[in-house]
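Observations on the model geometry
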Amino acid sequence: MMGMYFTIVDKVTIPSSAYLPAVGYLLLGAVAATLVNALIILPIRSEVTCSRIEAIIGAGAGFIVATYMPLGALSSHIQALVKIFPSSYEAAALRGLFLQATFDAHLSSAVRNHLQTYLGVHFAIHGYDLSGIRLAITMVGMIGVAVILVVVSSYIIDKRDLRR
């Protein structure tokens, strides 16, 4: 649906070969977001507190993945904070997937590289460029760490509740 919108309104065509990888990134992102939310919600026992935190998380999620502002417009400290969350890697992978054909067709390499860095299409961690499949592998690794954290946190919280 959004592909048709971009084609009609913005005259940008998303290649059909991008749809299957996009579904993969979206699935990885959904699993990662679920685990991050579980980590945040696990220690909360009150429904009222949970709903309030939900509102804060919803508002902050767009900033966490650099949706509202390009990654390049953020300070280096905030950029480092953004890179902690798996959803930012999903957003970068999707940006790269959907914008690559447009970048290649219409921009010089210098402008393309600048825009990719500014928009957060590629992440660099310690000088190592993460793009495409490397972003997916990073997300899988973060999901693994999050699973371990959720299991350990659940165990600790259950032990704490049993003592009460």
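Below you will find a few notes about this structure. (Residues numbered from 1 in each chain as written. Predicted model: local features only at pLDDT ≥ 70, side-chain atom pairs only at ≥ 80, totals over all residues. Heavy atoms only, no water.)

1. Description of the side chain of Glu90
Here Glu90 is to be found in helix 5 (residues 86-106). An unpaired buried charge is present at Glu90: no salt bridge exists, and Arg95, the closest side chain of opposite charge, is 10 Å distant. Not counting residues up to four positions away in its chain, the partners in contact with Glu90 are Tyr25, Leu26, Gly29 and Met139. (Helix = DSSP H or I, 4+ residues; strand = E, 2+ residues; numbered from the N terminus. Buried < 20%, exposed > 50% of the residue type's maximum accessible area, 1.4 Å probe, protein only. Lys, Arg positive; Asp, Glu negative; His and termini not counted. Salt bridge = Lys/Arg side-chain N within 4 Å of Asp/Glu carboxyl O. Contact = heavy atoms within 4.5 Å.)

2. Comments concerning the environment of Leu97
Here Leu97 shows up in helix 5. Apart from the residues within four sequence positions on either side, Leu97 is in contact with Ala18, Pro21, Ala22 and Tyr25.

3. Focus on the environment of Val147
Within the secondary structure, Val147 is located in helix 7 (residues 133-163). Separated by 86 residues in sequence, Val147 and Ala61 have C-alpha atoms that sit 20 Å apart.

4. Thoughts on a nonpolar patch on the surface
Taken together, the side chains of Met4, Tyr5, Ile8 and Val9 present a nonpolar region at the surface, about 430 Å² in accessible area. Within the element layout of this structure, Met4 appears in helix 1 (residues 2-10). Overall, the relative accessible area of 53% leaves Met4 in the exposed class. (Patch = residues over 30% accessible without salt bridge, like charges linked within 9 Å, V, L, I, M, F, W, Y side chains within 5 Å. Areas by Shrake-Rupley, 256 points an atom, 1.4 Å probe, with all protein chains shown as cover.)

5. Let's talk about the side chain of Arg95
You can see Arg95 is positioned in helix 5. Polar side-chain contacts of Arg95 include one of 3.4 Å to the backbone oxygen of Gly120. Contact partners of Arg95, with chain neighbours within four places excluded, come to Val65, Ala66, Thr67, Gln100, Leu119, Gly120 and Val121. (Polar contact = N/O pair within 3.5 Å; in protein donor to acceptor, adjacent residues only side chain to side chain.)

6. Things to note about the nonpolar core
Buried together is how nonpolar side chains tend to be arranged in soluble globular proteins. Counting 16 residues, the largest nonpolar core has Tyr25, Leu71, Leu74, Tyr89, Phe123, Leu130 and Leu135 as its most contacted members. Elements with a minimum of two residues in this core: helix 2 (19-41), helix 5 and helix 7. Tyr89 has contacts with Lys83, Phe123, Ile125, Leu130, Leu135, Thr138, Met139 and Met142, leaving out every residue within four places of it along the chain. (Core = buried A, V, L, I, M, F, W, Y, C linked by side-chain atoms within 4.5 Å.)

7. Points about helix 3 (residues 47-64)
With 18 residues, helix 3 extends 24 Å between its outermost C-alpha atoms, agreeing within 8% with the 26 Å of an ideal straight helix rising 1.5 Å per residue. Where helix 3 begins, the side chain of Ser46 points an oxygen toward the backbone nitrogen of Val48, at a separation of 3.3 Å. Positive backbone phi, approximately 60°, marks Ala66, located one or two places after helix 3. (Expected span 1.5 Å × (residues − 1).)

8. Observations concerning the packing of helix 5 against helix 6 (residues 109-119)
Running from amino to carboxyl end, helix 5 crosses helix 6 at an angle of 160°, the nearest separation of the two axes being 11 Å. Put simply, helix 5 runs roughly antiparallel to helix 6. Taken as a pair, helix 5 and helix 6 cross one another with a handedness that is right-handed. When helix 5 is examined against helix 6, the residues Arg95, Leu99, Gln100, Phe103 and Asp104 are found in contact with a partner set consisting of Arg112, Leu115, Gln116 and Leu119. For the contact of helix 5 with helix 6, the residue count by class is four nonpolar, two polar and three charged. (Axes fitted to C-alpha atoms, helices over the stretch in contact; angles between N-to-C directions. Parallel < 35°, antiparallel > 145°, perpendicular 65-115°, else oblique. Left-handed = near helix turned anticlockwise from the far one by under 90°. Nonpolar A, V, L, I, M, F, W, Y, C, P; charged D, E, K, R; others polar.)

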